[in-house]
Each structure stands twice: as C-alpha cells, then as structure tokens.
Amino acid sequence: CDGGGDGAVVATERWDGLLLGPSLATLDTDSGYGLVEDGALAWKDGLLVYVGPRSGLPGDASSLADEVIEAEGLVTPGLVDCHTHLVFAGDRAGEFELRLQGASYEEIARSGGGILSSVRAVREAGEDELLAQSLPRARALIADGATTLEIKSGYGLDLDNERKMLRVARRIGVTLGIGVRTTFLGAHALPAEYRDDADGYIDAAIGWLQALHGEGLVDAVDAFCERIGFSSAQTRRMFEAARALGLPVKLHADQLSDGGGAALAAEFHGLSADHIEHTNEAGVRAMADAGTVAVLLPGAFHVLRETVLPPLDLLRAHGVPMAVATDCNPGTSPLLSLQQAMQLACTHFKLTPEEALRGTTINAARALGLQDRGVLRTGLRADFAHWHVRQPAALCYWLGGQLLHASHTGGRRLV
Ligand code: NIG
Ligand code: FE
C-alpha cells in the first residue's frame, strides 16, 4: 500500500452503494498509484463518501448501503478522454490506403481531402444521422472505461454545421448519461468558400463562436495552429475572442512542425497544448509556468507513422503534467479505446504505466479544467472503472481484450 485512501469512517446516513474487495488505484498521491489492497468504495448522491481499505469500515458496513457489490479486480477513477473528434460522418479508410501507398497526410490535405473530406460528409448528414453515426464511437470509448468525454467541433466550418456538431456532442452526453465537454474548433481547416482568405474566415468563425457560446454549446476553444492549419496570428485572434467570452483555450500545437504553438497556448493560460511532437524547450518551459497540460496523442503518432517524439524528458524535467487521449478522429487516429491509447503511449513514448494512468485520469481531468474527478477521493464524483485485471500495469499491457468489468458515473452504473 503506498498511501491512498482516507482510513476511518463514521457512517451517519445510508449510502447508495458500497463496493468491497478490489484493489484501488486511487491516484490520490503525488506519486505512485495510491494503491489500496482489499479496498472499499462507498457513494451517496453521486459522490464518493468512503475510499480506503475495507478494514477501515465499521463491521456492519454492508447493512449501511442500499446496494453492496463484492468483487475482485482493480478499481481506478473513471477514465477521461480529454481530446476527441468523435462526431463525424463516414470514414476516411480510402485515405489510409493512399497513405500506405506513399501519400502523406499533408499532401492529402492540400489536395482537398483530409479534414475537408470529413467536412463534406458532416455537412451532408442531418443532425439525427450524425448522432446515429457518432453514438457507437462514444459507446466504444465507454466500454473501455471512459466516463467523461471531450468532443470537438471542426468538421462543420460554417455556423449551422458547427452548431449541428456541438448539439450532437451535447446529445451524446444526455443519451448515454455521461459527462461531455464540448470544444469549438472552428479554426480547424479552411473551407473551400474562404480559399485565399484565412483572415476573413477567422473573422467569421469568431462570430460563430460568439453565437454558439450564447446558445450554451461551447465549453472551450481549440485551433489547429500549423502550416496546413492556421497561423499563430490567426490562432491568437481566436484565443482573444475566447478570452473575451471567458472561455478556456487548448491547442493542436506543433504536431507536424514547430510553430511555437505550445508557447502560444501557454501565453493564454491554456488548459492544454496537444500533440506537441515538435515543441522546443522554450515551449515546454512556458507550459510549465502556465500550468498548461501536455496532451499526448499516441494514436495519431502511430497511425501517421511519426518518428519525432514529443519532448518527454523535457516535460518531465519541467514538471509539466502529461495527459493521454485517443484523438478519436477519421483521419489521423481512428482509435476507440483509452485503454489502447495507454498501451500506445507506453510503447511509443515510453511512458510508465503510472504516467499513462495519470494521463487518462487526473491529468486528463485537469486538461478539461475539471477538479471534481480523475482521482478516487471522498467528496469527488463517484466516477470509477472496475477492471478484471489486478495490476495497474496490466491496463497498459494488453492490446485490447475488454478489460473493463463495470463502471459508474455520478454513482450510477454505466457499464
Ligand atoms: O488531431 N490535426 C488536426 N486535427 C486532427 C486530425 C483531424 C482529421 O484529420 O480529420 C488531429 O490529428
Ligand atoms: Fe485532434
């Protein structure tokens, strides 16, 4: 036991649920898993009311809860996928084949494919159709342990279609009963109708952001700052608009080249800078100073067969918190499991399993600005994932295999 959990408890009222017996990886410690053997979790009104060893409970604990579950295995915080583009229509398997024949992601994008081909598909789909196509992807992420999802717009690129995507994202949360955080990614690619007028496009997209924020559809703002995306100056204008609305920012930064994206995100006290394969030390230092999380996306790295690694040693040296996400999207990362994202993060980036698990829990929650989840601790949300495996490292070891036994969100059974 390396110290997680609260120890003794005095029960003054009935609990909604009590889980007895599994190991707990609470992550409620500065380092280590915060492991508790023969653990117990109790919850009431959606919040954890006991986290600790079974031996810390009163002898009659089982009679205090409406539902008592006795089980083995491992319980972790519910996983948080802090970077997805899972609302889209169709797929891009044809581009995958083209890339296998030698075309690059950038070449495909410059010839009107890539993100713009998903834009065409999203514009053609009605809202219900888009929801129907996107729900199975959210369900797949949940089936592998996710209890909170971030979902970006960015395949609409006009007001009505960005609204449609964000509405679908909200409907996924309601339909599946999970937490969804929406991110406006209007500055994802330049649609054909604004060819040669990226500045004019940013002006328009800022207007859409203001309207959609007014409709309650936006929790954060993102941009693709890249030579095939938008310049630093254009990204900065989008971020200034976000700041004026009181919205936090995040950024697709330095994925294909070093464009100073991480430093720009940090300058705006961004929640996160994501991808960051090409970020330099000044960018890492700026992230550390600003408390900006590094979101690592090993699925995109894997699928694009990248060779330049994110600056992992610098991130560690400067104490930048690292998150891991699926980046679930039809182009660079058709990845539907955070458990597999952890596996890829360990294999490609040599994250330790502990870093990978922190990356999909506490640090992922932080990348979304959420302080009420990502750790098993009394008073936080009763979001937890219950796995068949006993060892935390096993979560990062298997390449698939349905390791999840059950999950709860807000104290309610999800899987
Ligand atoms: O995170 N790089 C920009 N955005 C996505 C890819 C989107 C797409 O190709 O559809 C990413 O990799
Ligand atoms: Fe992305």
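Note that this is a predicted model, so its numbers are computed, not measured. (Residues numbered from 1 in each chain as written. Chains lettered and ligands numbered in written order. Predicted model: local features only at pLDDT ≥ 70, side-chain atom pairs only at ≥ 80, totals over all residues.)

**Side note on the packing of helix H6 (residues 198-214) against helix H7 (residues 232-245)**
The axes of two packed helices give the description: the angle between them and the distance between them. Which entries qualify depends on this criterion: Angles run from 0 to 180 degrees between N-to-C directions of axes, and those axes are lines fitted to C-alpha atoms, restricted for helices to the stretch in contact. Counting from the N terminus, the helices are DSSP H or I runs at least four residues long and the strands are E runs at least two residues long. Put simply, angles under 35 degrees are roughly parallel, angles over 145 are roughly antiparallel, angles from 65 to 115 are roughly perpendicular, and the rest are oblique. The hand of a helix crossing depends on one turn: near helix anticlockwise from the far one by less than a right angle means left-handed, and clockwise means right-handed. Any pair of residues counts as being in contact when their C-beta atoms, constructed from backbone geometry, are within 7 Å of one another. Only Asp, Glu, Lys and Arg are considered charged in this grouping, and only Ala, Val, Leu, Ile, Met, Phe, Trp, Tyr, Cys and Pro are considered nonpolar; every other residue, Gly among them, is considered polar.
The N-to-C vectors of H6 and H7 enclose an angle of 20°; their axes lie 10 Å apart at closest approach. Regarding the angle of H6 to H7, the classification is roughly parallel. For the crossing formed where H6 meets H7, the hand is right-handed. Across the interface between the two elements, Ala 198, Asp 199, Ile 202, Ala 205, Ile 206, Leu 209, Gln 210 and His 213 from H6 touch Gln 234, Arg 237, Met 238, Ala 241 and Leu 245 from H7. The residue inventory of the contact of H6 with H7, partitioned by class, reads 8 nonpolar, 3 polar and 2 charged.

**Description of the sheet that holds strand E17 (residues 404-409)**
Just so we agree on the cut-off: Strands pair, by our definition, only if DSSP identifies at least two bridges between them.
Spatially, the 6 strands line up as an open sheet ordered E3-E2-E7-E16-E17-E18, and their pairing is mixed. Bordering the open sheet on either side are strand E3 (35-36) and strand E18 (412-413), each of which pairs with just one other strand. Where strand E16 (residues 384-387) lies against E17, 4 bridges are found, and the strand directions are antiparallel. Within E17, the position partnered with Trp 387 by the bridge is Leu 404.

**Quick notes on the domain arrangement of the protein chain**
Rules: Those domain boundaries reflect an automatic or database domain assignment.
Domain annotation for the protein chain reports domain 1 (15-77 + 375-413) and domain 2 (79-367). Tallying the contact residues gives 21 residues for domain 1 and 21 residues for domain 2. Those elements that provide at least two residues to the side of domain 1 that touches domain 2 are strand E7 (74-77) and E17. Taken together, the residues that form the side of domain 1 that touches domain 2 break down as 14 nonpolar, 5 polar and 2 charged.

**Some remarks on the confidence of the model for the protein chain**
Our working definition: Scored from 0 to 100, pLDDT reflects the predictor's confidence in each residue.
Scored by pLDDT, the protein chain comes out at a mean of 96, with 97% of its residues at no less than 70. Predicted as a complex, the structure gets a pTM of 0.97 and an ipTM equal to 0.97.

**With respect to the environment of Ala 189**
Worth spelling out the cut-off: Using C-beta atoms placed from the backbone, we call a residue buried if 20 or more other C-beta atoms fall within 10 Å of its own, exposed if 12 or fewer do, and partly exposed for counts in between.
Structurally, the position occupied by Ala 189 is in the loop between strand E10 (179-187) and H6. Overall, the presence of 21 C-beta atoms within 10 Å leaves Ala 189 in the buried class. Taking the C-alpha atoms as reference points, Ala 189 and Gly 17, 172 residues apart in sequence, are found 47 Å from one another.

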